[in-house]
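# Overview (structure and organization)
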Amino acid sequence: MSLNAIRPWRTIMRRKSRQIMVGKVPVGGDAPIAVQTMTNTLTTDVAATVAQVQAAADAGADIVRISVPDEESSRALREIVRESPVPIVADIHFHYRRGIEAAEAGAACLRINPGNIGDARRVREVIAAARDHGCSMRIGVNGGSLERHLLEKYGEPCPEAMVESALEHIRILEDNDFHEFKISVKASDVFMTAAAYQQLADATEAPLHLGITEAGGMVSGTIKSAIGLGNLLWMGIGDTIRVSLSADPVEEIKVGFEILKSLGLRHRGVNIISCPSCARQGFDVIETVQILEKRLEHIKTPMSLSIIGCVVNGPGEALMTDVGFTGGGAGSGMVYLAGKQSHKMSNAEMIDHIVEQVEKRAGELEAGELEAAAKAAE
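Now for a look at the structure at hand. Within every chain, residues take consecutive numbers counted from 1 along the sequence as written. Since the coordinates come from a predicted model, pLDDT governs what is reported: local features require at least 70, and pairs of side-chain atoms require 80 or more to be given and counted, while whole-chain, interface and lining totals use all residues. To get the side-chain values, all heavy atoms of the structure are used, and hydrogens and water are removed first.

## Here's the deal with the overall build of the protein
Under the convention used in this document: Per the convention used, a helix needs a DSSP run of H or I reaching at least four residues, while a strand needs a run of E reaching at least two, with both numbered from the N terminus. Two things to know: the radius of gyration comes from C-alpha atoms, and the globule rule equals 2.2 Å times the number of residues to the power 0.38. Under the scheme applied here, a residue whose accessible area is under 20% of the maximum for its type counts as buried, over 50% as exposed, and between as partly exposed, the area being computed with a 1.4 Å probe on protein chains only.
Of the regular secondary structure elements, the protein holds twelve helices and 15 strands. Relative to the 2.2 N^0.38 estimate, which gives 21 Å for 378 residues, the radius of gyration of the protein is 23 Å and therefore close to what a compact globule would have. Over its C-alpha atoms, taken along the principal directions, the protein stretches across nearly 75 × 45 × 45 Å. Looking at the protein as a whole, 51% of its 378 residues are labelled buried.

What follows is the structure, given as structure tokens:
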């Protein structure tokens, strides 16, 4: 149950957008903000690509995008779609035939730039294929590949140029009576991206796909994405997100979910609240948290766990979490369950014990949800 009624400063009023479907996943409207990533394997290597899609899905991905640069990739896409546990977005650039082939292969969505796939006839053919095969589309505007006439008009990539590009592409689809689309206006510059999305949010009711493109490596890319996407999401802007990292796609999903979890917009798995540690710690907090993150990856039920090194903030944090452990002295600490002090546990046995308690609590929460659902269905 949300506590925002008594903590209004935590309330995020999401922008109203129309809802489209990406396969079985609703995007926009009141649907949960979808998290997606993109494979970096060769699409023609079906086994490797499917394995990467599966790993992303296991980490929580709602949608996965795959590049389709050539005809051989189009053929491979059909098998990948058939084996994928989540909807597949086909990333299409330049050749309109790839878009038609991807729709025929079962892609749930086509990521296109209508302005770079040819003349009006070719655009109409791609739209017809998407309509015939139940595909939605994403208009993908990128600050690094704006149209020449917009660069000449504005002198350089800027929010206004990106939004104008997006609106021109929207017009192409709407002129062909196609409305199942979402839009992105990404740049590697956080300021430009945020400003472009704010302007676009006021100019259209279409769902928005958020991202900071070419954000960088694991650390720098995570920080840039958290700042850019976090601020937009806090403002209520965004219906689906992709964190772009020069890293394993699974890491993109993890970071994406952590951003959403920090804002209370999505809840999945164990949210670990831990201190940075200091000389007061009664056990090795950093090593403990690293081990627990790995040991608890299999938990999908939303719940919270506090791991605090000493009694300064430990008891207070534990009051707000499902399971907690606060460092004490003499080689032991205090275990908290459902916000209440429960029992002492030795540091040596603490990790296994916490995993056991988290698994038990997850089972209780899942059982409660099933019971509530059964009563609601009566």
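## Things to note about unusual backbone geometry
Even without a glycine there, the phi angle at Ser277 is positive, about 80 degrees. Among the secondary structure elements, Ser277 is positioned in the loop between strand E11 (270–274) and helix H10 (285–295). Phi is positive for Ala330, which is not a glycine, with a value near 55 degrees. Of note, Ala330 is situated in the loop between strand E13 (323–327) and strand E14 (332–337).

## Topic: the environment of Val50
Mapped onto the elements of the fold, Val50 is located in helix H1 (residues 46–58). With 92 residues separating them in the primary sequence, Val50 and Asn142 have C-alpha atoms 27 Å apart.

## Some remarks on the nonpolar core
Note on soluble globular proteins: their nonpolar side chains tend to be buried together. This is how the line gets drawn: Here the nonpolar core consists of buried residues drawn from Ala, Val, Leu, Ile, Met, Phe, Trp, Tyr and Cys, with membership extended through side-chain atoms lying within 4.5 Å. Note on definitions: a residue-residue contact is assigned when non-hydrogen atoms from the two residues lie within 4.5 Å.
In this structure, Leu77, Leu110, Met137, Ile183 and Leu233 are the most contacted members of the largest nonpolar core, which totals 79 residues. Dropping the residues within four chain positions of it, Leu77 is found in contact with Ile66, Val68, Ile88, Ala90, Ala102, Ala105 and Ala107. Formed by 20 residues, the second largest nonpolar core is a distinct cluster that contains Leu305, Met345, Ile351 and Val355.

## Details of the sheet that holds strand E9 (residues 209–210)
Heads up, the condition is: Strands pair, by our definition, only if DSSP identifies at least two bridges between them.
An order of E8-E7-E6-E5-E4-E3-E10-E9 is seen for the eight strands of this open sheet, with the pairing classed as parallel. Only two strands of the sheet have a single neighbouring strand rather than two, namely strand E8 (181–186) and E9. Examined bridge by bridge, strand E6 (residues 109–112) and strand E7 (residues 136–142) share four bridges and lie parallel to one another. Within E7, the position partnered with Ile112 by the bridge is Ile139.

## Details of the pattern of salt bridges
What counts is decided by this rule: The term salt bridge refers to a pairing of a side-chain nitrogen on Lys or Arg with a carboxyl oxygen on Asp or Glu at a separation within 4 Å.
Inspection of every chain in the model, using the stated rule, returns 18 salt bridges. A salt bridge links Asp239 to Arg14; the shortest N-O distance between them is 3.3 Å. Here Arg14 lies in the segment before strand E1 (20–22) and Asp239 lies in the loop between helix H8 (218–234) and strand E10 (240–242), a separation of 225 residues in the sequence. Since its relative accessible area comes to 26%, Arg14 is described here as partly exposed. Of the charged contacts in the structure, one is a salt bridge between Asp322 and Arg361, with a shortest N-O distance of 3.2 Å. Of the two residues, Asp322 is situated in the loop between helix H11 (314–318) and E13 and Arg361 in helix H12 (residues 347–377); the sequence distance between them amounts to 39 residues. Overall, Asp322 belongs to the buried group, its relative accessible area being 16%. When salt bridges that share partners are traced, they join Arg14, Arg15 and Asp239 into one network.

## Details of the packing of aromatic side chains
So the rule is basically this: Paired rings are identified among Phe, Tyr and Trp, the last through its six-membered ring, by centres lying within 6.5 Å, and are further divided according to the angle between planes into stacked (under 30 degrees), edge-to-face (over 60) and tilted (the rest). The criterion is that NZ of a Lys, or CZ of an Arg, lies within 6 Å of the ring centre and within 35 degrees of the ring normal, and then a charge sits over that ring.
Going through the model one piece at a time under the given rule, you end up with one aromatic pair. With a centroid separation of 5.3 Å and an interplanar angle of 75 degrees, the aromatic rings of Phe283 and Phe325 are classed as edge-to-face. Within this pair, whereas Phe283 is found in the loop between E11 and H10, its partner Phe325 is found in strand E13, the two being separated by 42 residues in sequence. The pair Phe283 / Phe325 is uniform in exposure class, with both members buried. Above the ring of Phe181, the side-chain terminus of Arg18 is found at 4.6 Å from the ring centroid.

## A short note on helix H2 (residues 71–83)
Short version of the rule: A helix's residues, less one, multiplied by 1.5 Å, set its expected span. Think of it this way: the bend at a residue is just the angle between two axes, each fitted to seven residues, one set ending at that residue and the other starting at it.
Compared with an ideal rise of 1.5 Å per residue, which puts 13 residues at 18 Å, H2 spans 19 Å between its outermost C-alpha atoms and is within 8% of the ideal. Where H2 bends most, the angle comes to about 25 degrees, and this point is Leu77.

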